[in-house]
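# Residue-level structure breakdown
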Amino acid sequence: MNPLYAPLFEPLTLRSGITLDNRIVVAPMTHYSSHPDGTLTDEELHFIARRSRGAGMVITACAYIAPGGQDAAGEPAADRDEMIPELRRWARVIQAQGTKAVLQIHHSGRNADPGLVPNGDVVGPSAIKDEAGGFVLPRELAPHEIEELIRQFGEAARRAVIAGFDGVEIHGAFGFLLQQFYSPHGNRRDDRWGGSGERRLAFPLAVIDEVKKAVARHADRPFIIGYRFTPEEATTPGLTMADALHLADVLAKQELDYIHVLTNDYRSRPRREADVTRTRLELIAEAVGSRTPVIGGGSIYTADEALEAYETGIDLISLARGLVIDPDWIEKVKQGREADIETTLRADAQQRLVIPDPLWRMIWGDPGWFPGTS
């Protein structure tokens, strides 16, 4: 290995006591390839297995925790005990590559696909529609429904423990339900679940607490708990970088194993309410300090970009699109072959890269979303 990249391959012991072999994390990648009942296809298992070898940790595609929690067809389920054998298959496929397997659990809230929701009953913190196109007006959740969703997050964590996963990641990013509760755009409530910034955080913190309780009750081994969030929203009102830094500070006090920051590009800078001369990752890493490891990434295709992202002060590097293009990315850097990393996705490479048909169609249907296609 080129010693320049040695910092990326140093081990890291998390709060739970689990040690990651290195600082490279396979980021959650939705495959759009599960069966309609939420069971897994062989194609998506082959896809993630192909990209797991050599990683310190693999975080799965998001698995919905309750009926109606899907935002797209082809998502896997973690909403009932009948899914435990499927989850076990998933964990074992990843762990067979010599790495840790973390199940990402989520609910889409107002961004759910109404065609996949029982009776089309899309729900959210408030009856406020997402300003992005293609979404419907949600029904405001009743207090007892909020309590039930908190319980269901804990139940999904319990299933992950039983299935043999090494951890769970609570998905509070990408405009989904937990982000909707924190957002002043998505949450206009005036009860204990909304209003001030602190009350808007009540639901995410309750979910974290329920997941921790479920793990404490059911895990007889060290078990990872992480949380992912998106720093800012483009809407007004919406989450600002100041809100993101406050959230990072609050999360750092929750005794989590890591905080995972979702950015489209590791070089991205704040829109407002922060130092716009520095990157979001730099600011978040500084706010968290040494209290909790921070994962970050976005638009990392080369070893030099991974190192540059790491040097912002974060602890772990997440890779997604770079691994879609080159599943051997990690092994090539380990072997000193970083110059051989592929950074362009070729139109004739689907079979070689074992990319499921639905994901392949999504990539080529919107190549602007996936830079580096030819």
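Residues numbered from 1 in each chain as written. Predicted model: local features only at pLDDT ≥ 70, side-chain atom pairs only at ≥ 80, totals over all residues. Heavy atoms only, no water.

Time to look at the sheet that holds strand 12 (residues 316-319). If you trace the 8 strands once around the closed barrel, you get 3-4-5-8-9-10-11-12, paired in parallel fashion. Here the average twist between neighbouring strands, direction ignored, is 30°. Strand direction decides the pairing type here: strand 8 (residues 167-172) and strand 9 (residues 224-229), joined by 6 bridges, are parallel. Looking at strand 9, one finds that Glu169 is bridged to Gly226. Contacts from helix 8 (residues 280-288) reach strand 9, strand 10 (258-261) and strand 11 (294-297), with the element oriented near 180° to strand 11. (Pairing = 2+ DSSP bridges. Helix = DSSP H or I, 4+ residues; strand = E, 2+ residues; numbered from the N terminus. Axes fitted to C-alpha atoms, helices over the stretch in contact; angles between N-to-C directions. Contact = heavy atoms within 4.5 Å.)

Moving on, we come to empty space enclosed by the protein. A complete count under the given rule lists 1 cavity of 30 Å³ or more for this structure. In this structure, the largest cavity encloses a volume near 50 Å³. Lining the largest cavity are Gly172, Leu178, Gln179, Tyr182, Leu201, Pro204, Tyr227, Phe229, Thr230, Leu239 and Leu247. Those elements giving two or more residues to the lining of the largest cavity turn out to be helix 4 (177-182) and strand 9. Among the elements that take part in the lining of the largest cavity, helix 4 stands out by supplying 3 residues, more than any other. (1 Å grid on protein atoms, 1.4 Å probe; cavity = no way out; pocket = protein on both sides within 12 Å on 5 of 7 lines; lining within 4 Å. Points joined across faces, edges and corners; volume = space filled by probe spheres on them.)

Burial along strand 12 is two-sided: Leu316 and Ser318 and Ile317 and Leu319, pointing in opposite directions, are all buried. With 3 bridges joining them, strand 3 (residues 24-26) and strand 12 adopt parallel strand pairing. In the sheet register, Ile24 faces strand 12, and the bridge partner there is Ile317. Relative to strand 12, strand 11 runs parallel, the two being bridged by 3 bridges. (Buried < 20%, exposed > 50% of the residue type's maximum accessible area, 1.4 Å probe, protein only.)

By the criterion of burial, strand 9 is predominantly enclosed, with 6 of the 6 residues buried. Because side chains alternate across strand 9, one face comprises the buried residues Ile224, Gly226 and Arg228, and the other comprises Ile225, Tyr227 and Phe229, equally buried. As paired strands, strand 9 and strand 10 are joined by 4 bridges and run parallel to one another. Bridge assignment links Phe229 to a residue of strand 10, and that residue is Val261. Considered for its hand, the β-α-β crossover made up of strand 9, helix 7 (residues 241-252) and strand 10 is right-handed. (Right-handed = clockwise from strand over helix to strand, strands pointing away.)

The next subject is the UniProt feature "domain: NADH:flavin oxidoreductase/NADH oxidase N-terminal" (unreviewed entry) in the protein chain. Following the UniProt record, the feature "domain: NADH:flavin oxidoreductase/NADH oxidase N-terminal" (unreviewed entry) maps to residues 8-339 here. The distance separating the terminal C-alpha atoms of residues 8-339 is 16 Å; by composition the span is 33% helix and 15% strand. (UniProt positions renumbered as here; feature names shortened; annotations may be inferred.)

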